[in-house]
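# Summary of the model geometry
Here is what each chain is made of, one letter per residue.
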Amino acid sequence: MKVKIGLEVHLYVKLENNKTKLFCFCPINYKETSPNTNICPRCTGMPGNKPMLPNKEAFEKAIEVALILNCGIPKGYILFQRKHYDWPDLPNGFQKTISGTYSVPVGYEGKYNNVRISYMHLEEDPAKWDPITGYVDYNRCGIPLIEIVTEPDLIDSEETRTWVRNLMTALSYVNSIDKDLGIKADVNVNIEGHPRVEIKNVNSLANIKKAIEYEILRQQKALLSGKNLVQETRTYDDKQNLTIHMRYKEQAQDYMFIPEPDLPSIQVTKDQLEKIKKIVPESPESKRERFVNKYKLKKEDAETLSSNLKLAEIFEAIIKESDINVTAKLLVRDLLSVLNYDKLEIENVNLNLENLKYLSKMLAENKITENTSKKILIDLVKKDFSIKDYIKKHDLEIKSDKSELETICKQVIKENPKAIEDYKKGEEKALNFLVGMVMKKTKGTANPDIVNNIIKKLL
Amino acid sequence: MIQEKLRLLQTGKLTAEQNIKSFIDKIKKEDKNINSFIEVNKNAVQEAKELDKKKKKGRLFGLAIAVKSNICVKGLLTSCGSKTLSNFYSPYDADVIKKIKQEDGIIIGMVNMDEFACGSTGENSFYGPTKNPVALDRVPGGSSSGSAASVAADFCDLSLGSDTGGSIRTPASHCGIIGIKPSYGRVSRYGLIDLSMSLDQIGVFSKEVYGSALLLNIIAGRSENDPITFDNEVEDYHIEIDKVSSDLTIGISKNFNDLCQDKRILGLINKKIDEFSKKYKYQKKEVDLEYVKLAVQTYYPLVYVEFFSSTRKFDGRKYGFKIEENCGEEVLRRILGGREISKAEHKGKYYRQALATKNLIKNDFDNAFKKVDFIISPVVPRLPNKTTKKITDPKEMYAYDAFTIPSNLAGNCAAVINIGKIENVPVGLQVICPSFKESLMFNILHKFEMLK
């Protein structure tokens, strides 16, 4: 059963110069301050309050994100809309957003890492509300948020998680978003040919994966037991790891969008656009193409390397001094599988570039075996150390000195009479066993081809 | 008189304390019959005493200013004339209040109004109807009923009101005083509790043109607190008031006159225009304002939708009372109307059509102002109704604002000055000027003042 997944991702804008909320001068550092201290009549929705002009830096960052996502930027006017709903987290009873039925988004029809972007826009964050205590903290209310809405182009939970992770890496790398402030997502999941289910309140990468996995299972199970699926909105409960029904399509909320009368419309000027274009990094798509054309990489390797900004940067830095194919193999096959095994993200691992360069060079010059390199990586992702010293200390350089290897081979032959007998009976496997024993004695540093030849000759 | 009083206050021959005390005494004695104040500022006398100690005196030094109850004054009851906000003591000052305080004006109290500025008569208040001090059996006009009545009754020197469709000009006309609706974007609305955000504007009342000119000069100007305000220079309206302006052309529109139900009002206006044009040798010219006949139909969808949106914050969670469960009939009508019009199923067509017609009306005025310098019209199509005869048909009530609404839709400035009485009830005349031509407007008002 083919699954289709689409996302509505909310990310926090990273502000560097103008660290204030979207429509007032209250600071945005809500995590560092006690509740309800970063507030004013505007972000608490006092009667008579009016918004200030939107934070210009936040708006420009939103355009930056639109460009990174290869979105079109509207040439006409952009107007904030009022999205009405009655909830304790909204002090004015409406949210100011560039989304909505009649709005012109900041960016439209983009594509990022093979997933189509429907549109993206800027809006204000609601307050933080605890439904159990009823407590509302307005510190968060009015902080600029970017919403990115995708087409249903993703097919499973892991792919979705990886896509979002790579998106966050790329956007935070150019300081468009603040990854540390978190992510809020709504996930749309449906089995092809069946109605779409929207899951609300999925607020971490891990939960995105878990919520999708649960939802696919739930839908499959329902279909297998002959039930019909309906279009509905569900909410993700991370404590129980399941999704709970909220409402059906017929009960969908009418947000009664109207253009915000208290704000003038905004137009992105040519100069503004040119200025922002300069900051925008190469997209994964064009990077992939470049990797294939310039470095003659295999398509799959180019795809993997270009989809993650940090990985791509490491790759291009190493190949300035080392072999392209060896480096690609080292990163794509070895490093990623080691990270994967330990459930680590490349962004969170402290990798010393000089170290990796050295490792790649040693491999390219055939001074260490792939086996050795992999063992080093396993330790390296846990804690950074000098590879050079490590290789020296543990005597890990490839031993190609024939006389030295011959001594070890003779010793192994002497110690394993049973294997010799088997080999002479014609069992090829026995040879592999003997080579393996030599490798063990040399801690994997022997050149396996040479060892193979020596043993054959000795026998 | 106000200029003379300011001189006495500035030279210390009259203290701020004396000025404020005399008003407070008068309010205590006489406001029982008028009901113009919802709350008198208990600290006003104390504030005046403090001011009297000051060496450098501001431009409004010691003047008593009454404030419509939808403009936030820190520590005072900003009730909007509604039970919904009957517990709301504002924690902050509106921009206009800050400016008045900086110039040593004293807020004497919060005055009565139609609930949330919804009404044209001054009768729709949780705190009871306001009476017309100059024609006690008639309504004072609304929604800034208390602002007009308090000035007319000499309970204060000047007052602030708000005008969305005529809420300053109608009561100014009925109470026989000056009322000014500035151009949209001239005065910061930060701290003004919304009726219809795309039309609301704070304005002023006074007995003489000079008082309004001075107060507007102080409260006008760009503010970062209200992104809709403009950078246009704030002229010295009060100084330029008797500037000699020759060769002006008066615009008169048949489209307005056709809507005037009481022809006696039209007669009085025409008489005044003749007198005026003769004295100052100004030309008269007919202008075509084809779409003003649609003003009322255009206005209400905008007001309904924006009022619905702006009242969502009165959900009962923060201010104690949920608006729908505590408001009067007219407020509820507008909220429910706005909710209906805003529904997704209508795809925004009513609101957008209203916005489109709003532009037509604006174009009418823009074209007219290419031919004439200002337009004169009646303020209200009829005399204020008797307090015993409440208008109950919303259509009839809404038609009350047919002459005042067009200027809100077009965004230009307009003012009212008294030109006499019919049946012993004051009748005003409306001067409509292009956007940001307030200086010209005060100049013309002053010339009418000199006719008397």
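This text goes with the structure placed above it.
Let me sum up the structure you'll find in this document. Since we're looking at a predicted model, the values are computed, not measured. The numbers attached to residues start from 1 for each chain and follow its sequence in the written order. Each chain takes a letter, starting from A, and each ligand takes a number, starting from 1, following the order in which they are written. Restriction of local features to residues with pLDDT of at least 70 applies here, the model being predicted, together with a cutoff of 80 or more for giving and counting side-chain atom pairs; totals for whole chains, interfaces and linings are based on all residues.

## Side note on the sheet that holds strand S11 (residues 425–433) of chain B
Residue and element names in this part refer to chain B. For two strands to pair, DSSP has to find at least two bridges joining them. In DSSP terms, a helix is any run of H or I states spanning at least four residues, a strand is any run of E spanning at least two, and both are numbered starting from the N terminus. Read from one edge of the open sheet, 11 strands run S1-S3-S2-S4-S6-S5-S10-S11-S9-S7-S8, paired in mixed fashion. Looking at which strands have only one partner, the edges of the open sheet turn out to be strand S1 (37–40) and strand S8 (283–286). Going from strand to strand, the sheet's axes swing by 30 degrees on average, the running direction of each strand aside. Direction of pairing for strand S4 (residues 158–163) relative to strand S6 (residues 201–206): antiparallel, over a ladder of five bridges. Across the sheet, Ser-159 pairs through a bridge with Phe-205, a residue of S6. Here the contact rule is simple: place C-beta atoms from the backbone, and any two residues whose C-beta atoms are within 7 Å are in contact. Each axis is a line fitted through C-alpha atoms, taken for helices only over the stretch in contact, and angles between the N-to-C directions span 0 to 180 degrees. Across the sheet, helix H5 (residues 145–152) touches S1, strand S2 (64–68), strand S3 (106–111), S4, strand S5 (178–181) and S6, and the angle it forms with S4 is around 155 degrees. The sheet strands contacting helix H16 (residues 438–451) are S5, strand S9 (374–378), strand S10 (413–422) and S11, and the helix crosses S10 at an angle near 10 degrees.

## Here's the deal with the environment of Ser-162 of chain B
Residue and element names in this part refer to chain B. Tracing the backbone through its elements, the reader meets Ser-162 in strand S4. Exposed residues have 12 or fewer other C-beta atoms within 10 Å of their own C-beta, buried residues have 20 or more, and partly exposed residues fall in between, where C-beta atoms are placed from the backbone. Residue Ser-162 is classed as buried on the basis of its 25 C-beta neighbours within 10 Å. Counting along the chain gives 45 residues from Ser-162 to Ala-117, while the straight-line C-alpha distance between them is 8.1 Å.

## Considerations on the packing of helix H10 (residues 295–310) of chain B against helix H13 (residues 349–371) of chain B
Residues and elements named next belong to chain B. Here H10 crosses H13 at 135 degrees, and the two axes come no closer than 9 Å. The orientation of H10 relative to H13 falls into the category oblique. Of the two elements, H10 crosses H13, and the hand of that crossing is left-handed. Listed contacts from H13 to Ala-295, Thr-298, Pro-301, Leu-302 and Val-305 of H10 are Tyr-350, Tyr-351, Ala-354, Thr-357, Lys-358 and Ile-361. Each residue gets one of three labels, nonpolar for Ala, Val, Leu, Ile, Met, Phe, Trp, Tyr, Cys and Pro, charged for Asp, Glu, Lys and Arg, and polar for the others, Gly among them. Split by residue class, the contact of H10 with H13 holds eight nonpolar, two polar and one charged. When an angle is under 35 degrees it counts as roughly parallel; over 145 it counts as roughly antiparallel; between 65 and 115 it counts as roughly perpendicular; any other value is oblique. Helix crossings get a hand from a simple test, with the near helix turned counterclockwise from the far one by less than a right angle marking a left-handed crossing and a clockwise turn marking a right-handed one.

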